[in-house]
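# Chain and residue survey
Each chain, letter by letter, is given below.
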Amino acid sequence: MKTYQDTLFKPCVGCGMCCKHAPCGYGKWDYKNHRCIHLKEKEKINEFQTYECRIYEFIIKQPGAEFSPAFNTGCSSTFLNTDRNNIIRRLKENYSMSNITT
Ligand code: SF4
Ligand code: SF4
């Protein structure tokens, strides 16, 4: 059965764009680095950096989190999101390459 998040949000690929634009209700803005202080670097997908939220486990346990999902739960910022598109493109290319037998 589809959940509320499945219906409204596309998969989060950890591009970090949303948390570099404005903090969610649990975040705090880092004026020097122009992003939420809880945003943390994760692995790189080729040349593109991915991110995670340091307090994700805390956020998803809060009442109402299902209606205001945190980063990593789903993406509502897909439109003209170059960072997300780049990561998805690289993931698709990498996946295709792994199926090529020489
Ligand atoms: S929710 Fe969307 S914009 Fe935010 S990090 Fe995930 S993919 Fe990127
Ligand atoms: S999801 Fe985490 S990193 Fe993103 S704005 Fe909220 S607290 Fe900050």
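Predicted model only: the values in this text are computed from it and were never measured.

Let us look at the environment of Lys 10. Residue position: Lys 10 is located in the loop between helix 1 (4–8) and helix 2 (17–21). Note on Lys 10: 15 C-beta atoms within 10 Å, which makes it partly exposed. In sequence terms Lys 10 and Ser 76 are 66 residues apart; their C-alpha atoms lie 6.6 Å from each other.

Around ligand 2, the surrounding shell holds 12 residues, and the nearest of these are Cys 19, Cys 24, Gly 27, Cys 36 and Cys 53. Per-class residue counts for the shell around ligand 2 are 10 nonpolar, two polar and no charged.

Grouped together as the largest cluster of nonpolar side chains are six residues: Cys 18, Cys 19, Cys 36, Leu 39, Tyr 51 and Cys 53. Not counting residues within four places of it along the chain, the set of residues in contact with Cys 36 comprises Cys 19, Pro 23, Gly 27, Lys 28, Trp 29 and Asp 30. By size, the runner-up hydrophobic cluster in this structure holds five residues, among which are Cys 12, Val 13, Cys 75 and Ile 87.

Scored by pLDDT, the protein chain comes out at a mean of 83, with 78% of its residues at no less than 70. Strand 1 (residues 29–30) holds the highest mean pLDDT among the elements of the protein chain, 98, whereas helix 1 holds the lowest, 55.

Analysis parameters
- Every chain begins its residue count from 1, and numbering advances along the sequence as written.
- In the order they appear in the text, chains get letters beginning with A and ligands get numbers beginning with 1.
- For this predicted model, a pLDDT threshold of at least 70 governs which residues receive local features, and a threshold of 80 or more governs which side-chain atom pairs are given and counted, while totals over whole chains, interfaces and linings are taken from all residues.
- Only runs of H or I of at least four residues qualify as helices and only runs of E of at least two qualify as strands under DSSP, and these elements are numbered from the N terminus.
- With C-beta atoms placed from the backbone, a residue is labelled by how many other C-beta atoms lie within 10 Å of its own: buried for 20 or more, exposed for 12 or fewer, partly exposed between the two.
- Any residue whose backbone-placed C-beta atom lies within 6 Å of a molecule or strand is treated as near that molecule or strand.
- In the scheme used here, Gly and all other residues not listed as nonpolar or charged are polar, with Ala, Val, Leu, Ile, Met, Phe, Trp, Tyr, Cys and Pro taken as nonpolar and Asp, Glu, Lys and Arg as charged.
- As used here, a nonpolar core is made of buried Ala, Val, Leu, Ile, Met, Phe, Trp, Tyr and Cys residues. They are joined through C-beta atoms within 7 Å.
- Placing C-beta atoms from the backbone, we regard two residues as in contact once those atoms come within 7 Å.
- Per-residue confidence from the prediction method is given by pLDDT, with values spanning 0 to 100.

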